[in-house]
Amino acid sequence: MADLILEMSKSSVTRKIISTLRLPIPMPPRLERADGAWPHQPLTGRTVIVGAADKPAIIESAMQTLLGMGAELAVAANLDSATVQSAASTANVTLQSHGDEATKVHGLVFDATGIQDVEGLRALYDFFHACVGKIANSGRSVILARPPETASHPTQVAVNRSIEGFNRSLAKEVGRKGITAQVLYVEPGAEARLAGPLRFFLSPNSAYVTGQALRVTQLAKSQVQSKWTAPLEGKVAVVTGAARGIGASIAETLAREGAKVVCLDRPAEEEHLKQVADKIGGTTISVDITDPEAARKIADTCKNEFGGIDIIIHNAGVTRDKTIARMSPEWWDMTLNINLAAIIRVNELLLKEGVIRQDGRIVCLSSISGIAGNAGQSNYSTSKAGLIGYVSALSKDVASQGITVNAVAPGFIETQMTAAIPFAVREVGRRLSSLSQGGLPQDVAEVINFMSTPGAVGVTGNTLRVCGQSLIGA
């Protein structure tokens, strides 16, 4: 179902009318989304302003990544740029001065790793106070920092964690222009794994992700080289619940980047499932994920036809909404079985028998309901919260094989399910985010695609929200 307010916001005339009438309607920004496969240099012809606190640890690596994306690098003319200029000289990077207020830039990248105390946080203010107004609509901001849990002193923990609070507020301030803001917490020693996450957060592929913090670590033991175009070429991916909606979009996106996709759904969806698979040159497995023999069928099919798989996306899920006082035990059991128990059963067998190959990827669909809870969804929220804990724990168990495990937590995504929500509730759901609109299945698929690539080897045990910084659970 079309978002009427979003369509109205595309016209300068209707935007002016609503502004003149002072109606209490947030006018959503028009988001720039990816319209094809990953390009090698997505920032060609675009400028990124770089900055850093004293003694930065990551800015040189970030500059090299930005150059690899085709970006032009600049520093703000009204900032003391000695630290950045020194890093640029070491990295053999040429910087330009950006002092023209009328000329907008694609984004900002700030290295906060050198901030050691509360006074040092002033560097955040100085850089963003001077530069945030220069970001163009649908631009990007990324702050690089150290994970709070790696600090040894309480003051350092406080400082590192405070950066996340700053970023969340920044995201809410710039969201009205479709600008996103993220933190990349980079573990000491994991700097070489920065490029993949930084490229993703600066690209149009991350259009509906904002106000988030992602950890980059050395946990997964892998020597696989990152690949920026056709990153999934030669990979085999299984997508559950692939017949419709988000699942179909995930399958199409993985295929777009070169993967051979095995589309899985229940027998009742076989016709739709075949249509999706035929469209992308994939194959199908028709099985109910809750069938006691489902894991065995998936394992045998993948071994016999492909010799194993590289990626599994656990998208299949169900909602059965009632307050806990009115919920039947059947609805509770069904939801927990499909959304959590079945995923665990399938993964355990695939991992035990080595069906998921070295350097594999496991991605689970959680939900912001698993973070914040939701009235009438105690069963659903329980299952989705369980997945968040599950990926955190499992990521450690499989790290020695180079396998990463992550979760994606969508917010309000425009699907058949949300189209059935009563109008007033649907409108509230759409507007209660920094971007003032619902996301698209493509937005979820793009995040999952990123997590499936070799460049995401440093990202494991994370749950990343795809919700436009929904105010629910923020």
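It should be noted that the structure appears before, not after, this text.
Definitions and cut-offs
- Residues numbered from 1 in each chain as written.
- Predicted model: local features only at pLDDT ≥ 70, side-chain atom pairs only at ≥ 80, totals over all residues.
- Heavy atoms only, no water.
- Helix = DSSP H or I, 4+ residues; strand = E, 2+ residues; numbered from the N terminus.
- Expected span 1.5 Å × (residues − 1).
- Buried < 20%, exposed > 50% of the residue type's maximum accessible area, 1.4 Å probe, protein only.
- Contact = heavy atoms within 4.5 Å.
- Patch = residues over 30% accessible without salt bridge, like charges linked within 9 Å, V, L, I, M, F, W, Y side chains within 5 Å.
- Areas by Shrake-Rupley, 256 points an atom, 1.4 Å probe, with all protein chains shown as cover.
- Salt bridge = Lys/Arg side-chain N within 4 Å of Asp/Glu carboxyl O.
- Disulfide = S-S within 2.5 Å.
- Pairing = 2+ DSSP bridges.
- Axes fitted to C-alpha atoms, helices over the stretch in contact; angles between N-to-C directions.
- Right-handed = clockwise from strand over helix to strand, strands pointing away.
- Phe/Tyr/Trp six-rings, centres within 6.5 Å; stacked < 30°, edge-to-face > 60°.
- Arc of directions from axis to C-beta.
- Parallel < 35°, antiparallel > 145°, perpendicular 65-115°, else oblique.
- Left-handed = near helix turned anticlockwise from the far one by under 90°.
- Nonpolar A, V, L, I, M, F, W, Y, C, P; charged D, E, K, R; others polar.

Colleague: With reference to specific residues and values, describe helix α13 (residues 378-397).
Modeller: Note that an α-helix has 3.6 residues per turn; residues three or four places apart therefore point the same way. The first and last C-alpha atoms of α13 sit 29 Å apart over 20 residues, in line with the 28 Å expected at 1.5 Å per residue. For α13, the set of buried residues is N379, Y380, S381, S383, K384, L387, Y390, V391, L394 and S395. Those residues of α13 hidden inside the fold are in contact with α11 (329-352), β12 (356-365), α12 (369-372), β13 (404-410) and β14 (463-466).

Colleague: Help me get a handle on a nonpolar patch on the surface, residues and values and all.
Modeller: On the surface, V428, L432 and L471 cluster together into a nonpolar patch covering about 240 Å² of accessible area. Considering the arrangement of structural elements, one finds V428 in helix α15 (residues 423-431). Judged by its relative accessible area of 45%, V428 is partly exposed.

Colleague: So what about the side chain of E257? Which residues, and what values?
Modeller: For E257, the location among the structural elements is in the loop between α8 (245-256) and β9 (260-265). The contact partners of E257, leaving out residues within four places of it in the chain, are G36, A37, W38, A230, P231, L232, E233 and N449.

Colleague: Can you explain the state of the cysteines? Please cite residues and give values.
Modeller: Taken as a whole and assessed by the stated rule, the structure comprises zero disulfides. Just so you know, C467 is unpaired, no disulfide at all, and the nearest cysteine sulfur is the one on C364, 18 Å from it.

Colleague: Give me the sheet that holds strand β8 (residues 236-240): which residues, what numbers.
Modeller: Pairing between sheet strands relies on hydrogen bonds along the backbone, with the strands arranged either parallel or antiparallel. Overall, parallel pairing links the seven strands, which are arranged β10-β9-β8-β11-β12-β13-β14 in an open sheet. The open sheet is flanked by β10 (283-286) and β14, the only strands paired with a single partner. For this sheet, the mean angle separating the axes of adjacent strands, direction not counted, is 20°. Here α11 sits on the sheet and contacts β11 (309-314) and β12; the angle it forms with β11, its principal contact strand, is near 170°.

Colleague: I'd love a proper account of the pairing of β8, names of residues and values included.
Modeller: Counting buried positions along β8 gives five out of five residues, so the element sits mostly inside the fold. Residues of β8 alternate between two faces, with V236, V238 and T240 on one and A237 and V239 on the opposite face, all of them buried. Relative to β9, β8 runs parallel, the two being bridged by five bridges. When the sheet's bridge partners are listed, T240 is paired in β9 with L264. As for the winding sense of the linkage, the β-α-β connection from β8 through α8 to β9 is right-handed. In this sheet, β11 lies alongside β8 in parallel orientation, the contact comprising three bridges.

Colleague: Account for the pattern of salt bridges, with residues named and values stated.
Modeller: Opposite charge on two side chains makes pairing possible when the charged atoms of those side chains draw close. Using the criterion set out here, one finds 18 salt bridges in the structure. Put simply, K303 and E353 hold a salt bridge, and the shortest N to O gap is 2.7 Å. With K303 in helix α10 (residues 294-306) and E353 in the loop between α11 and β12, this residue pair connects regions lying 50 residues apart in the sequence. For K303, a relative accessible area of 32% gives the class partly exposed. Connected through salt bridges with shared partners, the residues R296, D300, K303 and E353 form a single ionic network.

Colleague: Residue-level account of the sheet that holds strand β5 (residues 135-145), with values.
Modeller: Read from one edge of the open sheet, seven strands run β3-β2-β1-β4-β5-β6-β7, paired in parallel fashion. Edge positions in the sheet fall to β3 (96-98) and β7 (212-216), since each of these pairs with one other strand and no more. Across the sheet, the mean angle from the axis of one strand to that of its neighbour is 30°, orientation sign disregarded. Pairing analysis gives five bridges linking strand β6 (residues 180-186) to β7, with the strands arranged parallel. The partner of V183 across the bridge, within β7, is A213. Its contacts with the sheet place helix α3 (residues 59-68) against β1 (47-52), β2 (72-76), β4 (105-111) and β5, and it is angled at close to 175° to β1.

Colleague: Tell me about the packing of aromatic side chains, residues and numbers included.
Modeller: Applying the stated criterion across every chain, the model contains six aromatic pairs. Here F127 and F128 contribute two aromatic rings whose centre-to-centre distance is 5.1 Å and whose plane-to-plane angle is 90°, an arrangement assigned as edge-to-face. For F128, a relative accessible area of 4% gives the class buried. Note on F200 and F201: the rings are 5.7 Å apart at their centroids and 45° apart in plane angle, and the pair reads as tilted. Relative accessible area serves as the criterion here: at 3%, F200 is assigned to the buried category. Here F201 falls in the buried class, since its relative accessible area comes to 0%. The structure contains a cluster of three or more aromatic residues connected by ring pairs, namely F110, F127, F128 and F166.

Colleague: Outline helix α9 (residues 270-280), listing residues and values.
Modeller: For α9, the complete set of buried residues consists of L273, V276 and A277. Buried residues in α9, looked at end-on, bunch into an arc of 95°, giving them a common side. Residues of α9 that are exposed and angled more than 90 degrees away from the buried face: E271, D278 and K279. If you follow the buried residues of α9, they end up packed against α8, β9 and β10. Immediately downstream of α9, the backbone of G281 shows phi near 70°, a positive value.

Colleague: Can you lay out the packing of α10 against α11 for me, pointing to particular residues and giving the numbers?
Modeller: Contact geometry for α10 and α11: axes closest at 9 Å, N-to-C directions at 40°. Taken as axis vectors, α10 and α11 run oblique relative to one another. Our pair here, α10 against α11, has a crossing hand that is right-handed. Along its contact with α10, which presents A295, R296, I298 and A299, the element α11 presents R345, V346, L349 and L350. Of the residues in the contact of α10 with α11, the class split is six nonpolar, no polar and two charged.

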